[in-house]
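# Per-entry structural report
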Amino acid sequence: KMNVAVLQLEVNANQTKDERIAHAVDILEGMYRDNKCPQLVLLPEIWGTGFFNFDNYYKESEEAQGRTYSAFAPLAQKLGCYILTGSFVEREGSDLYNTSLLIDPEGSIAARYRKIHLFGYKSRETELLKPGKDITVVDTELGVWGITTCYDLRFPELYRAMVDRGAQGFLVAAAWPLARLDHWSLLNKARAIENQCYLISCNCAGSHGGITFGGRSMVVDPWGVAVASGGDRETVVWASIDLEEVEKSRSAFPALRDRVL
């Protein structure tokens, strides 16, 4: 079994990016002091800048091994865990990406995922950022995980492609609005059920730019049961999961084996 900690952070409009990063670091330092030792930690989507703070995207962009990586790599080593940094605006040359890093317990980058499906509905993400091109599945000491971001949840073919690459679970960083909370809950469970995988999602809480986030981060098992979930405020969602349940579910109900297309 493995312990998971999902940091459902509030994006406070009155804080700077540095203050938000310092706050998240404090939460993880507190876990270390209290001897709470997750093996996997997740943070949400563009939580440092705030997803809807589009005017700040360029000036708060960073290189892949920039401020976010530098803040969390030492903590991954200290806690001896994997950390999905949540996403940040990555700058490479003149291009910007919505990028998440998975940092391993040695403080190295185990995987980098650039969000493939950019969000254009009442959003400037498609205008400001470049879409990623690579499906990201990473084999870790904790199993094989596919990494996605928020709007990706609406595209089941991406998740099926990750299963075809061996994924046993999905890690999802998100900034999903409260206005479409029903879709969030449904899609979290659907992606787990149809692929007989765990799905661990970390959503933002709070509000900025006139948008309120939905929270309700989840840990969903391969049967589609939310074994843990958050409310609508900042919280840490803890769960213990067992990846043996993936193979058990696939053996007991072999839907993946019955695929025709």
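Below, the structure is looked at part by part. All residue numbers refer to position in the chain's written sequence, counted from 1. Where local features are concerned, this predicted model is filtered to residues with pLDDT of at least 70; where side-chain atom pairs are given and counted, the filter is 80 or more; whole-chain, interface and lining totals use all residues. Hydrogens and water are ignored here; the side-chain numbers use all heavy atoms of the structure.

### Structural notes on the packing of aromatic side chains
Note on ring pairs: Phe, Tyr and Trp rings are taken, using the six-membered ring of Trp, and paired if centres are within 6.5 Å. Classes follow the plane angle, with under 30 degrees stacked, over 60 edge-to-face and the rest tilted. For the coordinates displayed, the defined rule picks out eleven aromatic pairs. On the basis of an interplanar angle of 85 degrees and a centroid distance of 4.9 Å, the ring pair of tyrosine 159 and phenylalanine 170 is categorised as edge-to-face. Separated by eleven residues along the polypeptide, tyrosine 159 in helix 4 (residues 156–164) and phenylalanine 170 in strand 9 (residues 169–173) bring together distant segments of the chain. Each residue is assigned to one of three classes by its accessible area relative to the maximum for its type, calculated with a 1.4 Å probe on protein chains only: buried under 20%, partly exposed between the two thresholds, exposed over 50%. For phenylalanine 170, a relative accessible area of 0% translates into the label buried. An aromatic cluster of three or more residues is present, and its members are Phe51, Phe52, Phe54, Tyr57 and Phe213. Every helix listed is a DSSP run of H or I at least four residues long, and every strand listed is a run of E at least two residues long, numbered separately from the N terminus.

### What to know about the pattern of salt bridges
Should a side-chain nitrogen of Lys or Arg be within 4 Å of a carboxyl oxygen of Asp or Glu, the pair is scored as a salt bridge. Overall, the coordinates contain 14 salt bridges when judged by the stated rule. Between lysine 115 and glutamate 45 there is a salt bridge, with its nearest N and O atoms 2.9 Å apart. Residue lysine 115 is found in the loop between strand 6 (109–114) and helix 3 (125–128), and its partner glutamate 45 is found in the loop between strand 3 (40–42) and helix 2 (67–79); the two are separated by 70 residues along the sequence. Connected via shared salt-bridge partners are Glu90, Glu92, Arg112 and Arg114.

### Here's the deal with the nonpolar core
Here, the term nonpolar core denotes a set of buried Ala, Val, Leu, Ile, Met, Phe, Trp, Tyr and Cys residues that are joined through side-chain atoms within 4.5 Å. In this structure, Leu40, Leu102, Trp145 and Ile200 are the most contacted members of the largest nonpolar core, which totals 47 residues. What tryptophan 145 contacts, discounting residues up to four positions off in sequence, is Met2, Thr136, Val137, Val138, Thr140, Gly169, Phe170, Leu171, Tyr198, Ile200, Ile241 and Leu243. In this structure, Leu43, Leu75, Ala76 and Val89 belong to the second largest nonpolar core, which totals 38 residues. Should any heavy atoms of two residues lie within 4.5 Å, those residues are considered in contact.

### Quick notes on the sheet that holds strand 2 (residues 10–12)
A pair of strands is considered paired only if DSSP assigns at least 2 bridges between the two. With mixed pairing, the three strands of this open sheet are ordered in space as 2-11-12. This sheet does not close on itself; its edge strands, each paired only once, are strand 2 and strand 12 (211–212). Strand direction decides the pairing type here: strand 11 (residues 205–208) and strand 12, joined by two bridges, are antiparallel. Across the sheet, residue serine 207 finds its bridge partner in strand 12, namely threonine 212.

### Points about the sheet that holds strand 9
Within the open sheet, the six strands sit side by side as 7-8-9-10-13-14. Their pairing is mixed. Two strands close off the open sheet at either side, each with one partner strand: strand 7 (137–140) and strand 14 (226–229). Shown here is a sheet whose adjacent strand axes are inclined to one another by a mean of 20 degrees, direction ignored. Examined bridge by bridge, strand 8 (residues 143–149) and strand 9 share five bridges and lie parallel to one another. Bridging from a neighbouring strand, glycine 146 pairs with phenylalanine 170 of strand 9. Along the sheet, helix 5 (residues 181–195) makes contact with strand 9, strand 10 (198–202), strand 13 (218–220) and strand 14, crossing strand 13 at roughly 25 degrees. Between N-to-C directions, angles cover 0 to 180 degrees, with each direction set by a line fitted to C-alpha atoms, over the stretch in contact for helices.

### Focus on helix 5
The α-helix advances 3.6 residues per turn, and as a result positions three or four apart in sequence lie on the same side. Taking 1.5 Å of rise per residue, 15 residues should cover 21 Å, and helix 5 covers 22 Å from first to last C-alpha, within 8% of that figure. Taken together, the buried residues of helix 5 touch helix 4, strand 9, strand 10, strand 13 and helix 6 (244–252). After helix 5 finishes, the residue glutamine 196 shows a positive phi value of roughly 50 degrees. One less than the number of residues in a helix, times 1.5 Å, gives the span that helix is expected to have.

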